[in-house]
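Descriptive analysis of the structure
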Amino acid sequence: MRNKKVFGLSMDQRSHRRRLVIAAYTLLAVLVAGGWVLDRFRTTGLYIYFAAFFINYFVFGGYGPYGLVRPFTGTAPRQAIPRSLVEVQLNLAGIRPAPETADSRNDERELRIRDRVHYQAYQWICGLLALLWLVAMSENGKSSFIPAAVLPVLLYLIVLPGILLAVTLPQAIILWTEPDMEMEPEESAPATTLHSAR
Amino acid sequence: MKTTNNSPSRRIDFSHRFLLFIPVETRRSRRVLVIGYYLFFIAFSAVLLWFRGPAKYGRLLPLTFYLATMLGGLTFSGPVRLFSSWQRNFHMPLEDRRDPVSLVWKAASRPRLTSIDRLDEHDIALRDRAHYLAYSALRWPAILAALFGGFFLFDASPEQIGHALLVASVPIAVLFFSLPQAIILWTEPDFESDPEDLPSQAVLPGIPRSDSHA
């Protein structure tokens, strides 16, 4: 995981990252509820997917070059992300600094965590598929107890969270479970000096 | 043929050497099995769609799970070892067990629950790696569904959406339930034989074997 800020907040501490994960899923839940109220996901369903991809790509990371979690494949972005107006102006002028490839490279521990969280996420998605399986089983029976009008909505309410989770869940598990990031020695040194000076 | 605990192919459970009369000891035969598994689903889907139409296509969904259990991983049966550790906690011999799950298991004549080895670090790494690869591949249907599903949703009725979701969920379920096991079966090397299983050989062709003197 990378040491980064999201909306000006440092994500070094696990509690901050957990709040971010809760906020992201709350936002998606609000969008799902809003989509349901507005047009039963007829048009808004697509925008909910796009919101999930946006969160995944720019905030969570993992399956893209940006975001808090390092790219799972270890590939760096083609060009560095502009972090200031000066860099934006340089980009517009055609001067593009090369990205830091070391920032995107996973070490052995991170690869192990990556594989583990995908196994865990897989179980959750399998659980959702099992729900779908149960609905289909009930439909295949001679006496279906799910009304025909409710069935598409029910299926959609299973498939939509399934796709949202499939896109975001592994990264969310990493952000949720990783411990607080340790301070660099050169950052923590002045505090120690001050403490000892008292 | 047996495999030792130090064998590189421990992910394959050596108590299940055959699956549908196909030996799983060599990688080649396992690859044939994996290809056959997916070809079966393609053929069966085509036949079902041809004769019964898309309305009955959802009936394949239970089959996706049942057949995936034959590959292992999800249950005790099958050549791939059980993935989950909580299921692995069933250590007692089945004959001695009296809990409801085991009674149902016995009544259903499922395979024995004994001889379940714990997964070591290497096994867990292989299992997690297979799931990562499967997950990475299966994200693409979700992305494509999100990108192109919208075009369909604009004009479809709720019933059409329900049918489409049910039809689309069958191939996704086939892959989701079986892909990690298929990756393990596809990539694991051939079983190694124990030295005592191999026929004893002379050191050099010209020198007779030592046991032939006796």
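Residues numbered from 1 in each chain as written. Chains lettered and ligands numbered in written order. Predicted model: local features only at pLDDT ≥ 70, side-chain atom pairs only at ≥ 80, totals over all residues.

1. Some remarks on the overall build of chain B
Along the backbone of chain B there are 5 helices and 2 strands. Listing each helix as α and each strand as β along chain B from the N terminus yields β-β-α-α-α-α-α. By residue count, 28% of the 214 residues in chain B fall in the buried class. In chain B, 65% of the contacts between residues at least 6 apart in sequence involve partners at least 24 apart. (Helix = DSSP H or I, 4+ residues; strand = E, 2+ residues; numbered from the N terminus. Buried ≥ 20, exposed ≤ 12 C-beta atoms within 10 Å, placed from the backbone. Contact = placed C-beta atoms within 7 Å.)

2. A closer look at the confidence of the model for chain A
Residues and elements named next belong to chain A. In the predicted model, chain A carries a mean pLDDT of 78, and 76% of its residues have values of at least 70. Within chain A, the lowest mean pLDDT, 48, falls on helix α6 (residues 185-197), and the highest, 90, falls on helix α1 (residues 14-39). With pLDDT under 50 throughout, residues 191-198 is counted as low confidence; its partners more than four residues away or in other chains account for 0 contacts. (pLDDT = per-residue confidence, 0-100.)

3. Some details on the packing of α1(A) against helix α2 (residues 44-60) of chain A
All names here are of chain A. Following both chains from N to C, one finds α1 and α2 inclined at 170 degrees, their axes separated by 9 Å at the closest point. As far as their axial angle goes, α2 and α1 are roughly antiparallel. The way α1 lies across α2 gives a crossing that is right-handed. Contacts from A24, L28, L31, V32, G34, G35, L38 and D39 in α1 reach T44, G45, I48, A51, A52, I55 and V59 in α2. Each residue belonging to the contact of α1 with α2 can be placed in one class, and the counts come to 10 nonpolar, 4 polar and 1 charged. (Axes fitted to C-alpha atoms, helices over the stretch in contact; angles between N-to-C directions. Parallel < 35°, antiparallel > 145°, perpendicular 65-115°, else oblique. Left-handed = near helix turned anticlockwise from the far one by under 90°. Nonpolar A, V, L, I, M, F, W, Y, C, P; charged D, E, K, R; others polar.)

4. Some remarks on the nonpolar core
Counting residues in each nonpolar core, the largest one holds 66 residues, and the members touching the most others are A:I163, A:L175 and B:A173. Among the elements of the structure, α1, α2, α4 (108-140) and α5 (150-177) of chain A together with α1 (27-52), α2 (60-71), α4 (121-153) and α5 (158-187) of chain B are those that each provide at least two residues to this core. Leaving out residues up to four positions away in the same chain, A:I163 has contacts with A:Y49, B:A142, B:A145 and B:A146. (Core = buried A, V, L, I, M, F, W, Y, C linked by C-beta atoms within 7 Å.)

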